[in-house]
Every structure is written in C-alpha cells, then in structure tokens.
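Read off the chains here:
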Amino acid sequence: MNRYVNTFIYATAALLIISCGGNDGTVNEKSSRSVQYFPNMYESVGYETYQEAPEDLFKGGIEAQKPVEGTVNRGWMPYEYEDSNEGYASAKANLKNPLPYTEENLATGAELYNIYCGICHGKNGNGQGHLVKTEKILGVPSYADREISQGSIYHVMYWGINYMGSYASQTSIEERWQIAHHVDKLTKELKGEEPRAFEKVTEVVEVEEVSQDMMDTHDGESHDQENHSSTDGE
Ligand code: HEC
C-alpha cells in the first residue's frame with residue numbers, strides 16, 4: 001500500500017514541476033504552454049501561400065503554384081463553339097438548350113432578359129427598346145426578322161455579335177439558357193406561333209433513381225470517384 005502512495009506522490013510532484021517549468025523561459029506568458037507535446041500541432045510546418053519555400057519542394061521557390069494547364073473554375077465549362085461564322089452556324093444547328101422548358105426557368109429568363117436585353121431589344125423582342133427609341137443605338141432587329149435557334153441565341157450572348165456585346169461575364173451558363181428560353185418564347189409570340197407547352201420535370205426523380213442504382217451496384221466505384229473529385233478540386 002505504501003508503495004502506491006509513494007508512486008502517487010512522485011507522480012504528482014513530477015506533474016507539478018512540469019506544469020510550472022518552461023523549456024524556453026516563457027513561463028509567465030499565459031498564452032503559451034510551457035511544454036508542448038507534439039509541437040507540430042502548435043507550430044505548423046505548413047507554408048503560407050506566397051511564402052518562400054525550398055526549391056526542391058516547390059518550383060520557383062515559392063509556395064503558390066500556377067494551376068495545372070487546362071484547369072477550369074468550379075462551375076465553369078469551356079464553350080466549344082468559336083467566335084466565327086462557322087462557330088455561329090454550328091451552334092445554331094447543333095447546340096440545344098439543356099434546361100427543361102418550365103415555368104420557373106422561363107420566369108427567371110424573363111427577369112434576366114428585362115435586366116440585360118430589354119433596353120435594346122424591347123420587352124417583347126420587337127427591337128424597340130429604350131436605347132433604340134432614344135436613337136442611342138441602331139440596327140437592333142426584331143427577333144421575328146431573324147433566323148434564330150436557341151443555340152444561336154446562346155452563341156450571341158456568349159460572344160456578342162457586331163454592335164451587341166458579350167454577356168458571358170454578367171451571366172452564368174444556366175442563366176443564359178434561361179434567357180434563351182424566354183427569347184424563344186418572345187420570338188414565337190412575335191411570329192404568332194403556338195406557345196410551347198411547359199415540360200413536366202420528372203428528371204429530378206430520374207436522376208435520383210439512377211444514382212441510387214449506381215450506389216447499389218457499384219458501391220466501391222462511386223466512392224472512388226467521389227474521392228477523386230474532392231481532391232482534384234482542392
Ligand atoms: C446594346 C444593345 C443590345 C443589348 C443590350 C442586347 N442586344 Fe442583342 N442585338 C443587338 C444588336 C445591335 C443586334 C444586331 C446585330 C447584328 O446582327 O448586326 C442584336 C442581335 C441579337 C440577336 C440576333 C442575332 C442573330 O443571330 O441574328 C439575338 C438573338 C440577340 N441580340 C439576343 C440578345 C440577348 C439575349 C440579349 C441580352 C442578354 C441582348 N441581345 C442584348 C443589340 C443589343
């Protein structure tokens with residue numbers, strides 16, 4: 001029994017000494033610990049973004065490195081149709097609106113159209129916007145007088161066309177397609193064509209079903225992919 005008491009006293013004494021002492025004379029600074037177990041956890045060996053770093057670790061001796069060639073921003077996708085007559089013709093023929101024609105997409109498209117396009121093209125797309133009426137800009141056509149498709153509408157928003165500038169920096173991919181739906185609707189109205197029926201969105205359900213199937217059959221694979229994408233994105 002006595003032995004245990006002694007051990008206890010020694011251990012307590014040792015703890016007391018450790019907690020009072022300091023290995024670098026910083027005992028009185030309340031913010032720093034006198035003893036650091038695993039000092040790497042307190043003083044990180046990580047490099048700051050623009051800090052100098054050893055050449056053999058980081059190219060050019062600086063931590064911040066250029067992204068790998070071909071890297072794109074999250075949420076940004078390359079647009080493959082060139083700013084040329086061929087690119088225009090190809091987009092007009094082949095590029096399709098990936099968004100379903102729903103009331104919601106159309107409502108957002110209309111809102112964005114009135115912000116960005118109506119000032120020239122007019123609320124109903126007849127080419128009589130405020131800037132045209134006040135003779136600030138010429139040559140804005142009525143959509144009814146042009147051979148346009150959703151693909152060509154998207155293309156001219158992306159690159160601009162003659163006196164019309166590009167809207168690629170103000171709008172996202174999704175927003176441009178929502179606007180394209182609205183321009184398409186205006187064009188049909190101007191031409192007196194039948195309005196397009198709204199699509200029922202069953203897709204969301206389908207997507208869920210597909211991913212559920214994938215989880216069941218290729219469980220390991222889908223996890224692998226998740227890991228890749230999360231590290232690629234860092
Ligand atoms: C500053 C005025 C202006 C604004 C704002 C503007 N446009 Fe235009 N737009 C023009 C002019 C001018 C033309 C005719 C260009 C040409 O073919 O010479 C045109 C042409 C078009 C055409 C027909 C192109 C073709 O293939 O013949 C479409 C479609 C179009 N604009 C859509 C839009 C959309 C969508 C927006 C909003 C995101 C927009 N425009 C904003 C001035 C404008």
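Heads up: the structure comes first, above all this text.
Residues numbered from 1 in each chain as written. Predicted model: local features only at pLDDT ≥ 70, side-chain atom pairs only at ≥ 80, totals over all residues.

How would you explain the site of the ligand if you had to name every residue and give the values?
If you check the shell around the ligand, you find 23 residues, and the closest are Cys117, Cys120, Asn162, Tyr163 and Met164. When contributions to the shell around the ligand are tallied by element, the ones reaching two or more residues are α5 (118-121), α7 (150-159) and α8 (173-191). Among the elements that make up the shell around the ligand, the one with the highest residue count is α7 (four residues). Its residues assigned to classes, the shell around the ligand shows 18 nonpolar, four polar and one charged. (Near = placed C-beta within 6 Å. Helix = DSSP H or I, 4+ residues; strand = E, 2+ residues; numbered from the N terminus. Nonpolar A, V, L, I, M, F, W, Y, C, P; charged D, E, K, R; others polar.)

Report on α8, specifying residues and quantitative values.
In this model, α8 (19 residues) spans 27 Å end to end at C-alpha, consistent with the 27 Å of a helix rising 1.5 Å per residue. Of all the positions in α8, only Arg176, Trp177, Gln178, Ile179, Ala180, His181, His182, Val183, Asp184, Leu186 and Thr187 are classed as buried. Tucked inside the fold, the buried residues of α8 contact α4 (103-116) and α7. Two residues or fewer after α8 comes Gly192, characterised by a positive phi angle close to 70°. (Expected span 1.5 Å × (residues − 1). Buried ≥ 20, exposed ≤ 12 C-beta atoms within 10 Å, placed from the backbone. Contact = placed C-beta atoms within 7 Å.)

Report on the nonpolar core, specifying residues and quantitative values.
In this structure, Tyr113, Ile153, Tyr154, Met157, Ile179, Ala180 and Val183 are the most contacted members of the largest nonpolar core, which totals 18 residues. Elements supplying a minimum of two residues to this core: α4, α7 and α8. In this view, Tyr113 contacts Gly118, Ile179, His182 and Val183; residues no more than four positions away in its chain are not counted. (Core = buried A, V, L, I, M, F, W, Y, C linked by C-beta atoms within 7 Å.)

Go over the packing of α7 against α8, please, and point to the residues and values.
For the pair α7 and α8, the least separation of the axes is 9 Å and the interaxial angle reads 130°. Comparing the axis directions of α7 and α8 gives the class oblique. Of the two possible hands of crossing, α7 and α8 adopt the one that is right-handed. Contacts between α7 and α8 involve Gln150, Ile153, Tyr154, Met157 and Tyr158 from the first element and Arg176, Trp177, Ile179, Ala180, Val183 and Asp184 from the second. (Axes fitted to C-alpha atoms, helices over the stretch in contact; angles between N-to-C directions. Parallel < 35°, antiparallel > 145°, perpendicular 65-115°, else oblique. Left-handed = near helix turned anticlockwise from the far one by under 90°.)

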